[in-house]
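A structural walkthrough
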Amino acid sequence: MKVWIDQKYCTGDNLCEELCPAIFTQLDDGLSYVKQDGAVLDKPGGKLSMAAVGAEHEDGVREAADQCAGECIFIEE
Ligand code: SF4
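All of the points below concern the structure found in this document. (Residues numbered from 1 in each chain as written. Predicted model: local features only at pLDDT ≥ 70, side-chain atom pairs only at ≥ 80, totals over all residues. Heavy atoms only, no water.)

1. Side note on the nonpolar core
In this structure, Val-3, Ile-23, Phe-24, Val-61 and Ile-73 are the most contacted members of the largest nonpolar core, which totals 17 residues. Secondary-structure elements contributing two or more residues to this core are strand E1 (2-5) and helix H2 (58-67). With three residues, the top contributor of residues to this core is H2. Discounting chain neighbours no more than four positions away, the residues touching Ile-73 are Val-3, Trp-4, Ile-5, Cys-16, Phe-24, Ala-64, Ala-65 and Cys-68. (Core = buried A, V, L, I, M, F, W, Y, C linked by side-chain atoms within 4.5 Å. Buried < 20%, exposed > 50% of the residue type's maximum accessible area, 1.4 Å probe, protein only. Helix = DSSP H or I, 4+ residues; strand = E, 2+ residues; numbered from the N terminus. Contact = heavy atoms within 4.5 Å.)

Listed below in structure tokens is the structure:
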């Protein structure tokens, strides 16, 4: 599974990081980004910054995508 965030629609409520902090984090710009192996993929963000998700984090990522207020967390299987 891979995941990315469309920051254009991120509300900044940080729910994704609460649900799955291994994969999501919020930066000083108030928007959330995905992480891979602890590195934040914020350059450039969006679909060009897609993170591979370990099996142990897949449930958390799915829950975050389901609950994301901006509907801007996208999963690619
Ligand atoms: S849950 Fe969605 S809207 Fe909320 S901070 Fe994360 S990406 Fe942004």
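2. A short note on H2
All buried positions along H2 are accounted for by Gly-60, Val-61, Ala-64 and Ala-65. Seen along its axis, H2 keeps its buried residues to an arc of 135°; they face one direction. Turned more than 90 degrees from where H2 packs its buried face, Asp-59 and Asp-66 sit exposed. Contacts from the buried residues of H2 go to E1, helix H1 (15-19), strand E2 (24-26) and strand E6 (73-76). (Arc of directions from axis to C-beta.)

These figures capture arrangement, not role.
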